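Fold and contact review
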Amino acid sequence: MPVMRSILLAASQNKWLRENAVNYPFVRRSVSRFMPGESLDAAMEAARGLEQKKIASVFTNLGENVKDRAEALEVTGHYLEVLRRIHESGLNTEISVKLTQLGLDLSADFCFENLDRIITQEKKDAIVWVDMEASPYVDATLDIYKRALAKYPNAGICLQAYLYRTQKDVEGLLPMRPSIRLVKGAYKEPPEIAYPNKHAVDENYFALATATMAAQASGGCPRAAFGTHDVNLIRRLAEHAAHNGYPKNHFEVQMLYGIQREEQERLARDGYRSGVLVAYGTYWYPWFVRRLAERPANLWFMARNLFAA
Ligand SMILES: Cc1cc2nc3c(=O)[nH]c(=O)nc-3n(C[C@H](O)[C@H](O)[C@H](O)COP(=O)(O)OP(=O)(O)OC[C@H]3O[C@@H](n4cnc5c(N)ncnc54)[C@H](O)[C@@H]3O)c2cc1C
């Protein structure tokens, strides 16, 4: 793993930085590139703008590793309100949740109950996505996801191509008709469990993506979404889809707000399914530093903000 990425991923877990860095105006200015604001209203405003460009949205309220039942219940209540607001507005918006924000560190059953309350409020034709967190949570996340999927066909899961295990996880899930959002993976993982170099991650991504596309074509995967900004990979996958005669509007790419905007719009214009994950909330520090780690050149952008008026 390149040194800068490693340093930034370690910094994303630093408590002192989390509590202090967020107060610096230049850090706050920098984060605004990746999120439209801290409030749900800001996310909804962004979703309206995206929708005018035929781009769907997925909301996530930033937060993780909640240590207190009351806070997990509050997050659950917040997501119920978010769904109410989305349905009322008619926006083409789904939600994506982190299980450690719904109390996974406290109890798997408690976390499942919270997830259950959320999915039961969602429309049947919209997916509730479950994020994948760092490797110690993968088994617990998959267990809860499988429980949810057995009850709700519209539960979706994020899987990470950097993990060696993911191929087996996909094979294990496919008989249950999962919806899958495939990403490369955003956490600091050791080479014993994750591909250490980018080329290998990209190739594994391609192999997993083509397998999920085939499953989608045969009815075994209601939604296969590719959560990536990698334009070369997207082009290769789109070519693969065309070559196999898969319909364009089944090919779905989801990106993060503010990253590769032109590509998001191009995909929508060309008839593909284009979506953007819109994050909001006050607990943005670890999430933001993971974005810096994905592209250390973002540090220059942050440095420019340091010297901006
Ligand atoms: C919709 C969505 C949901 C996600 N959910 C999860 C999740 O649940 N769990 C998880 O572990 N990870 C998640 N991620 C993050 C993901 O794992 C990667 O860390 C992230 O997408 C960067 O990888 P990449 O596929 O874009 O490819 P990379 O090879 O990292 O990047 C390809 C190109 O994209 C651009 N790019 C990538 N990242 C950035 C950035 N931060 N700033 C500016 N440009 C950038 C650059 O031009 C780069 O050259 C999610 C990502 C997306 C888009």
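This report concerns the structure included in the present document. Going along each chain's sequence as written, the residues are numbered from 1 onward. Thresholds applied to this predicted model are a pLDDT of at least 70 for local features of residues and 80 or more for the giving and counting of side-chain atom pairs; totals over whole chains, interfaces and linings are not thresholded and use all residues. The basis for the side-chain values is all heavy atoms of the structure; hydrogens and waters are excluded.

**Digging into empty space enclosed by the protein**
Using a 1 Å grid laid over the protein atoms alone, points where a 1.4 Å probe fits but cannot get out form a cavity; open sets with protein on both sides within 12 Å along at least 5 of 7 lines form a pocket; any residue with an atom within 4 Å of a point counts as lining. Grid points are joined across faces, edges and corners, and a volume is the space filled by probe spheres set on the points. Across all of its chains, the model carries 1 cavity of 30 Å³ or more by this definition. Lining the largest cavity, in full, are Thr60, Asn61, Leu62, Gly63, Glu64, Lys98, Gln101, Asp131, Trp287 and Arg290. Helix and strand definitions here come from DSSP, where helices need a minimum of 4 consecutive H or I residues and strands a minimum of 2 consecutive E residues; each element is numbered from the N-terminal end. Sorting the residues of the lining of the largest cavity by element identifies strand 1 (56-61) and helix 12 (285-294) as the ones contributing at least two each. Under the convention adopted here, Pro, Cys and the residues Ala, Val, Leu, Ile, Met, Phe, Trp and Tyr are nonpolar, Asp, Glu, Lys and Arg are charged, and Gly plus all remaining residues are polar. For the lining of the largest cavity, a count of residues per class yields 2 nonpolar, 4 polar and 4 charged.

**So, the site of the ligand**
Neighbouring residues of the ligand: 26 residues in total, closest Met132, Lys184, Gly185, Thr228 and Glu294. Pairs of N or O atoms within 3.5 Å make up the polar contacts considered here, provided that, within protein, one atom can donate a hydrogen while the other can accept it, and that residues adjacent in sequence are counted only when both atoms are side-chain atoms. At 2.7 Å, a side-chain N or O of Lys184 approaches an oxygen atom of the ligand. In the model, an oxygen atom of the ligand is placed 3.1 Å from a nitrogen or oxygen of the Ala186 main chain. Each accessible area is a Shrake-Rupley result for a 1.4 Å probe, and residues are judged covered by the shown protein chains and nothing else. When the ligand sits alone it has 930 Å² of accessible area, and the protein chains cover 87% of it. When each cavity is represented as a set of grid points, the ligand is found to reside in the largest pocket. Contributing elements (two or more residues each) for the shell around the ligand: strand 4 (155-160), strand 5 (179-183), strand 7 (252-256) and helix 12. When residues in the shell around the ligand are grouped by element, the largest group, 3 residues, is from strand 7. A class-by-class count of the residues in the shell around the ligand yields 10 nonpolar, 8 polar and 8 charged. Note on terminology: near, applied to a residue and a molecule or strand, indicates that one of the residue's heavy atoms is within 4 Å of it. Just a note on the criterion: a molecule sits in a pocket or cavity if more than half of its atoms are within 2 Å of the grid points.

**So, the nonpolar core**
Buried Ala, Val, Leu, Ile, Met, Phe, Trp, Tyr and Cys residues that are joined via side-chain atoms within 4.5 Å together make up what is termed a nonpolar core. Relative accessible area decides the class of each residue, using a 1.4 Å probe on protein chains only: under 20% of the type maximum gives buried, over 50% gives exposed, and in between gives partly exposed. Phe59, Ile95, Leu115 and Phe251 are the most contacted members of the largest nonpolar core, which totals 77 residues. Examining the composition of this core, we find that 7 residues originate from one element, helix 9 (residues 198-217), more than from any other. Only heavy atoms matter for contacts: two residues are in contact if any of them lie within 4.5 Å across the pair. If sequence neighbours within four positions are ignored, Ile95 has contacts with Val58, Phe59, Tyr79, Val82, Leu83, Ile86, Ile118, Ile127, Val128 and Trp129. Phe26, Val27, Val31 and Ala293 belong to the second-largest nonpolar core, a separate cluster that totals 27 residues.

**Some thoughts on the packing of aromatic side chains**
Each aromatic pair joins two rings of Phe, Tyr and Trp (for Trp, the six-membered one) with centres within 6.5 Å, and gets the label stacked for planes under 30 degrees apart, edge-to-face for over 60, and tilted for any other angle. Here the structure, examined in full by the defined rule, presents 8 aromatic pairs. With a centroid separation of 6.1 Å and an interplanar angle of 50°, the aromatic rings of Phe34 and Phe288 are classed as tilted. With a gap of 254 residues between them, Phe34 in the loop between helix 3 (25-31) and helix 4 (40-52) and Phe288 in helix 12 connect regions that are remote in the sequence. The buried category is assigned to Phe288, whose relative accessible area is 2%. Three or more aromatic residues link up through ring pairs in this structure, and these residues are Tyr205, Phe226, Phe251 and Tyr272. Here the basic side chain of Arg291 rests over the ring of Trp287, its NZ or CZ set 5.0 Å away from the ring centre. Put simply, a charge is over a ring when the Lys NZ or the Arg CZ is close to the ring centre, within 6 Å, and near the line of the ring normal, within 35 degrees.

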